[in-house]
Amino acid sequence: MPTPGYSCLRRPKEKFSVTTIWNPIDPLTLSPPCLHVQQLDRHRPCRRSRQHRLRPGYTVVNLRADYAINDQLKVFGRIDNLANVHYQNPTGFLAPGLGVFGGIRFASYGVSR
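Overview of the structure. Being a predicted model, the structure only gives us computed values, none of them experimental.

Soluble globular proteins tend to bury their nonpolar side chains together. Counting residues in hydrophobic clusters, the biggest one holds five residues: Val37, Tyr58, Val60, Tyr87 and Ala95. The residues touching Tyr58, leaving out its near neighbours within four places in the chain, are Leu35, His36, Val37, Tyr87 and Asn89.

Looking now at the packing of aromatic side chains. Under the counting rule described, the total for this entry stands at one aromatic pair. A centroid spacing of 4.0 Å and a plane angle of 15 degrees characterise the contact between Tyr58 and Tyr87, whose relative ring orientation is stacked. Residue Tyr58 is found in strand S5 (residues 58–61), and its partner Tyr87 is found in the loop between strand S7 (73–80) and strand S8 (99–106); the two are separated by 29 residues along the sequence. Residues Tyr58 and Tyr87 agree in their burial class; the two are buried. Sitting over the face of the ring of Phe101, Arg78 holds its NZ or CZ atom 4.2 Å from the ring centroid. The ring of Phe76 carries the charged tip of Arg105 above its face, separated from the ring centre by 4.4 Å.

Cut-offs applied
- Residues numbered from 1 in each chain as written.
- Predicted model: local features only at pLDDT ≥ 70, side-chain atom pairs only at ≥ 80, totals over all residues.
- Heavy atoms only, no water.
- Core = buried A, V, L, I, M, F, W, Y, C linked by side-chain atoms within 4.5 Å.
- Buried < 20%, exposed > 50% of the residue type's maximum accessible area, 1.4 Å probe, protein only.
- Contact = heavy atoms within 4.5 Å.
- Phe/Tyr/Trp six-rings, centres within 6.5 Å; stacked < 30°, edge-to-face > 60°.
- Helix = DSSP H or I, 4+ residues; strand = E, 2+ residues; numbered from the N terminus.
- Lys NZ or Arg CZ within 6 Å of the ring centre and 35° of its normal.

In structure tokens:
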């Protein structure tokens, strides 16, 4: 159990996200979620080291879009890490860079807008 006033390793000291949903036209939904993290971690070159440090924080912005063609068909896309930010989570493990995904949803019962 952590001591009061002491930060745990790999537990975010600061972590927050912001998401906005925008419908510029009825079938189109755009959402740019943004995540910011800053946390305490151990100095990695020597695993036995007791030296702790606050790692540089990182902010990642993603973009999501959905377009409902009709009641049964929806096209969607997503871009993760839009700015291709290089960060490690935890220290020593590089997170994925820019990623682009997309697809089509088909449902016989109707696709919610």
